[in-house]
Amino acid sequence: QVQLVESGGGLVQAGGSLRLSCAASGRTSSIYVIGWFRQVPGKGRELVATITWSGGSTSYAESVKGRFTISGDSVKNTVYLQMNSLKPEDTAVYLCAARPSRYVTYDSWGQGTQVTVSS
């Protein structure tokens, strides 16, 4: 079992930056990919960025490409999401999740951290 804990959310003005952290513990050797999602009440969950646990290969949603950067620290078992040039539409609860392989969906989730961007 993998446990994930997010931190780093908060209130920021449009154009500002935040860095979210996702700390993993437990069976981290079973992680294939970590994904950052965001969710707004009344809307579906959006996959924002992913990173492979071992090799650091990344991907981004078009809505955040060029503004957000996902990275990992294998020593600290932590994945970061650096968010720059934030917009009000980035306001959401951000959650990280782990998937054990490319053939299995995300099966471990953190509790989420609120990001609010004021205009």
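To be clear, the structure that these remarks concern was listed above.
Residues numbered from 1 in each chain as written. Predicted model: local features only at pLDDT ≥ 70, side-chain atom pairs only at ≥ 80, totals over all residues. Heavy atoms only, no water.

Colleague: Mind showing me how you'd approach the pattern of salt bridges here?
Modeller: Working definition: two side chains of opposite charge can pair if their charged atoms are close together. A complete count under the given rule lists four salt bridges for this structure. With its nearest N and O atoms 2.8 Å apart, the salt bridge here joins Arg38 to Glu46. A salt bridge links Asp90 to Arg38; the nearest nitrogen and oxygen atoms lie 2.8 Å apart. Taken together, the residues Asp90 in the loop between β8 (78-83) and β9 (92-99) and Arg38 in strand β4 (residues 33-39) connect sequence positions 52 residues apart. In this pair, the class of Asp90 matches that of Arg38, namely buried. (Salt bridge = Lys/Arg side-chain N within 4 Å of Asp/Glu carboxyl O. Helix = DSSP H or I, 4+ residues; strand = E, 2+ residues; numbered from the N terminus. Buried < 20%, exposed > 50% of the residue type's maximum accessible area, 1.4 Å probe, protein only.)

Colleague: Could you clarify how one ought to interpret the environment of Ser7 in this entry?
Modeller: Its place among the elements puts Ser7 in strand β1 (residues 2-7). In sequence terms Ser7 and Gly112 are 105 residues apart; their C-alpha atoms lie 7.9 Å from each other. Apart from residues no more than four positions distant in its own chain, Ser7 is found in contact with Arg19, Leu20, Ser21 and Thr113. (Contact = heavy atoms within 4.5 Å.)

Colleague: For this particular structure, what's the right way to read the sheet that holds strand β3 (residues 18-26)?
Modeller: One key point about sheets: their strands pair by backbone hydrogen bonds, in either a parallel or an antiparallel sense. As summarised here, the arrangement of the four strands in space is β1-β3-β8-β7, forming an open sheet in which the pairing is antiparallel. Strands at the two margins of the open sheet, each flanked by one partner only, are β1 and β7 (68-73). Strand-to-strand twist of the sheet, defined as the mean angle between neighbouring strand axes without regard to direction, takes the value 20 degrees. Judged from the six bridges that link them, β1 and β3 form a sheet pairing that is antiparallel. When the bridges of β3 are listed, Ser7 appears paired with Ser21. (Pairing = 2+ DSSP bridges. Axes fitted to C-alpha atoms, helices over the stretch in contact; angles between N-to-C directions.)

Colleague: Explanation requested: unusual backbone geometry in the structure shown.
Modeller: Note: most residues except glycine have negative phi, and most peptide bonds are trans. Phi angles above zero are rare outside glycine, and Asn77 is one such case at about 50 degrees. The class of Asn77 is partly exposed, set by a relative accessible area of 22%. Even without glycine at this site, Ser85 takes up a positive phi of about 50 degrees. Structurally, the position occupied by Ser85 is in the loop between β8 and β9.

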